[in-house]
Amino acid sequence: MVPATSAALQGVCLALVLAASAAQAQPAAPALWVNALGMPFVRIAPGSFRMGSSEPVDALARAYPTLERWRFEQLADEAPAHTVRITRAFYLGQTEVTVGQFRRFVQTSGYVPESESEADGTGGYGYNPAYDPAASARGDAFEGRDPRYSWRNPGFAQGDDHPVVNITWHDAHALAAWLSATEGHRYRLPTEAEWEYACRAGTRTRYPHGDDPAALARHANVFGEDAAPYWPRWRPQAAPGHDGHAFTAPVGRYAPNAFGVHDMLGNVWEWVSDWYAEEGYAHSPRDDPQGPATGQVRVRRGGSWHTWPLYARCGFRNWNTPQTRYTLVGLRLVREIDPPQSPRPRGARR
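Keep in mind that this is a model prediction, so the values were computed, not measured.

Visitor: Now, about the environment of Ile 44: what can you tell me, with residues and values included?
Guide: Within the secondary structure, Ile 44 is located in strand β2 (residues 40-44). Residue Ile 44 is classed as buried on the basis of its relative accessible area, which comes to 2%. Each C-alpha atom of the pair Ile 44 and Ala 198 lies 7.3 Å from the other, and the pair is 154 residues apart in sequence. Excluding residues that lie within four positions of it along the chain, Ile 44 makes contacts with Ala 89, Phe 90, Leu 92, Tyr 197, Phe 259 and Val 261.

Visitor: Outline the pattern of salt bridges, listing residues and values.
Guide: Summed over the entire model, instances satisfying the criterion amount to 22 salt bridges. Between Arg 85 and Asp 287 there is a salt bridge, with its nearest N and O atoms 2.6 Å apart. Within this pair, whereas Arg 85 is found in strand β4 (residues 82-86), its partner Asp 287 is found in the loop between β9 (269-275) and β10 (298-301), the two being separated by 202 residues in sequence. Residue Arg 85 is classed as partly exposed on the basis of its relative accessible area, which comes to 39%. Measuring nitrogen to oxygen at the nearest pair gives 2.5 Å for the salt bridge that ties Asp 160 to Arg 103. One end of the pair, Asp 160, is in the loop between β7 (143-146) and α5 (169-183); the other, Arg 103, is in helix α4 (residues 99-109), and 57 residues separate them in sequence. A relative accessible area of 45% places Asp 160 in the partly exposed class. Beyond isolated ion pairs, a larger network of salt bridges with shared partners links Glu 192, Glu 196, Arg 200, Arg 301 and Arg 317.

About the thresholds
Residues numbered from 1 in each chain as written. Predicted model: local features only at pLDDT ≥ 70, side-chain atom pairs only at ≥ 80, totals over all residues. Heavy atoms only, no water. Helix = DSSP H or I, 4+ residues; strand = E, 2+ residues; numbered from the N terminus. Buried < 20%, exposed > 50% of the residue type's maximum accessible area, 1.4 Å probe, protein only. Contact = heavy atoms within 4.5 Å. Salt bridge = Lys/Arg side-chain N within 4 Å of Asp/Glu carboxyl O.

The structure is reproduced here in structure tokens:
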């Protein structure tokens, strides 16, 4: 007869052996994964970071001397800087969703984007060299809404490897839902916290490359000296140097950050899942914040090819209504990592 203590120890040892075997049977998610539409995803490990910015107005004014002081005073929604913990690994699109990938989604699914919907009928926004922003009531840099413009035609040339624009939050959600139903993995937009965690990639500076706005054009496609001739009234705000593109750039053209992700800053603004709240950071939970439960506008992050350096910082927050479509707005997706399946007990029927 085996003593009770020995039996208990044997049971513990057996449990440990089974757990180790199960762990070996469930390999870790690969670092890079590509889906059926050709979208590459990078595995982002869990971790903690400081979200937001509490940089003093005077420091910002010194760093961006061509801008009026009131612009820095409007950045209070970036504060307080606070610690956030991302507790679960996830896959993040290595690049923004491209024109070609979005086209394959539309052709295969039959989905009609809002910029082309007959029910909406208002179209999108587009670049028109004859358009005068100063003459418009809202002062928009682009012409629209107009049925002439859509995700297919933003008024400037794009290849299939450029980031798709004129995408609404609803369009982004539709793509994620279709991929989820088609592939059996859960796709969604990143939370605002996941987005900033991936953008910073372990840094605490204004940009992943550092604090210097003058170096931004070497690392991202923003409003620089190549775009300035098209909008001479905003030339003083152009990032110094040439990034090589007046409009969108092919995705992945610039070096990735430390997490292996491209174009987190510049190229196109990216929708995230959160509703916007100006004082949301003051009430945000520490672990995996999801943003407010309700709201009127959704957050977008990261700046675009037409964004000034101040607004292309990791911590800057922007927002629009979910039905907004614009020449500067696109998306990047998250694919959740599937939970490991429990090992099948020996002798179980199949």
